[in-house]
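As a plain string of letters, each chain reads:
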Amino acid sequence: MRFRHPDGTTVHLAYCTNVHPAETLDGVLTQLRDHCEPVRRRLGRDRLGIGLWLARDAAHALVTDPSALRELRTELDRRGLEVVTLNGFPYEGFGAEKVKYRVYRPDWTDPERLEHTTALARVLTGLLPDDVTEGSISTLPLAWRTGYDEADAEKARTALLTLAERLDALHELTGRSIRVGLEPEPGCVVETTGDAIAPLTAIAHDRIGICVDTCHLATSFEDPHTALDALTTAGVPVVKSQLSAALHAEHPHLPEVREALAAFDEPRFLHQTRTATAAGLRGTDDLGAALAADALPDGAPWRAHFHVPLHAAPAAPLTSTLPVLQAALTRLVGGPHPLTRHLEVETYTWQALPPALRPRARTQLADGIAAELTLARDLLTDLGLKELP
């Protein structure tokens, strides 16, 4: 979906396909048929943007076989779909029964992360619509925090500088500019937008910036306006933003709240949980650990890294951080000029929701994704952006 900002800029809205497990190119092609096109049809659109997730095997097939890349591009066009952004954070196995800490490997100290991201950039130049010259890729925020030292930081910095050089060369070769954004996430080396400033200003390259995920922003209790103003002041480009909402518990000391939270403690993904205290942010790596006795102070609200559907906040006594998303979006695209032109709805946890809330068929999942995109569309038009055909 495309929108015209009052300054004349085109802003792209997509939904991320990491909600549909697929490790191979055949799996990706099946996604387009079974999920993406049905969402487009529900929205009554001739064209729908998707934030494509390409696992290692799919990316390798596309970058090594020009005919495979042409086939994917043809299939996108045929089904009324377009790609301006890729999710390069998960490397493989994101649809596995247990993902947890595996999603952070390989990290930016491993040469394979650089090679994979380079491959994604090359693929994206071949997928961009004919009238679009800029693409974006989100990636993990350097590494998971444990065991990360100065030597690792230097490896990661060198890898990102090499990536920047490759992106420059790709632009020279193709005329298409690909930018990569580190995506701050609780528990990682770069947990907050503030943590991103030092490593990104050390690189100081306009093709390497930040991806602002509004679920992660909220989980870390960051104020959107303060965070985005700091990035602007530091000259850190917002390459893209993922529109997502975290799980919010206003009164975590109450037994009924603990019981409601426990329903979201599931085995596939990490659900880092945080609370803001006078001494600073406190947290656990997973929701189950937070629910253990005395693991976290419970005199103030808790937030958990669980991407809940944008249009359907959990039932009381829980809610979502949709207001944080709205505040962030206002700052991102509600001003005289947009801070980013790529927006991506990213609720990958539909099948991890408590059983009663999970979609029971592909049709229900498509309905839910379409409802999320409708909400995002309405937020954008309320900010003065005009939906384009």
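These lines cover the structure that appears in this document, whether it is placed above or below. Nothing here was measured: the structure is a model prediction, and the numbers come from that model.

Cut-offs applied
- Residues numbered from 1 in each chain as written.
- Predicted model: local features only at pLDDT ≥ 70, side-chain atom pairs only at ≥ 80, totals over all residues.
- Heavy atoms only, no water.
- Pairing = 2+ DSSP bridges.
- Helix = DSSP H or I, 4+ residues; strand = E, 2+ residues; numbered from the N terminus.
- Axes fitted to C-alpha atoms, helices over the stretch in contact; angles between N-to-C directions.
- Expected span 1.5 Å × (residues − 1).
- Buried < 20%, exposed > 50% of the residue type's maximum accessible area, 1.4 Å probe, protein only.
- Arc of directions from axis to C-beta.
- Contact = heavy atoms within 4.5 Å.
- Core = buried A, V, L, I, M, F, W, Y, C linked by side-chain atoms within 4.5 Å.
- Left-handed = near helix turned anticlockwise from the far one by under 90°.

**Concerning the sheet that holds strand β12 (residues 302-308)**
Taken together, the five strands give an open sheet; going across it, the order is β11-β10-β12-β9-β13, and neighbouring strands pair in antiparallel fashion. The open sheet has two edge strands, β11 (280-284) and β13 (318-320), and neither has a second partner. Each adjacent strand pair in this sheet contributes to an overall mean axis angle of 30°, direction not counted.

**Notes on helix α3 (residues 66-78)**
Its 13 residues place the ends of α3 18 Å apart at the C-alpha level, agreeing with the 18 Å of an ideal helix rising 1.5 Å per residue. Taken together, the buried positions of α3 are occupied by Ala68, Leu69, Leu72, Arg73, Glu75 and Leu76. The arc that holds every buried residue of α3, seen down its axis, measures 160°, which confines them to one face. Counted as exposed and oriented over 90 degrees from the buried face of α3: Pro66, Arg70 and Arg78. Of the surrounding elements, those touching the buried residues of α3 are α1 (25-43), β3 (48-53), α2 (56-64), β4 (81-87) and α4 (111-127).

**Focus: the nonpolar core**
In terms of nonpolar packing, the biggest core is built from 116 residues, with Leu13, Tyr15, Leu54, Leu72 and Leu373 touching the most fellow members. Residue contributions to this core peak at nine residues, all from helix α12 (residues 362-382). Those residues in contact with Leu72, other than ones at most four positions away along the chain, are Leu25, Val28, Leu29, Leu32, Leu52, Leu62 and Leu127. Of all hydrophobic cores here, the second largest spans seven residues; its members include Cys215, Leu217, Ala218 and Val324.

**Side note on the packing of helix α8 (residues 224-234) against helix α11 (residues 322-333)**
It is the contact of α8 with α11, at a shortest axis distance of 9 Å, that shows an interaxial angle of 35°. Handedness of the α8/α11 crossing: right-handed. Where α8 abuts α11, its residues Pro224, His225, Leu228, Asp229 and Thr232 lie against Val324, Ala327, Ala328, Arg331 and Leu332.

**Some remarks on the environment of Leu29**
For Leu29, the location among the structural elements is in helix α1. On a C-alpha basis, the gap between Leu29 and Leu72 in space is 7.1 Å, while along the polypeptide they are 43 residues apart. Not counting the four nearest positions on each side in its chain, Leu29 is found in contact with Glu71, Leu72 and Glu75.

**With respect to the environment of Arg73**
Counting through the fold element by element, Arg73 comes out in helix α3. Along the primary structure Arg73 and Tyr91 are separated by 18 residues, whereas in three dimensions their C-alpha atoms are 21 Å apart.

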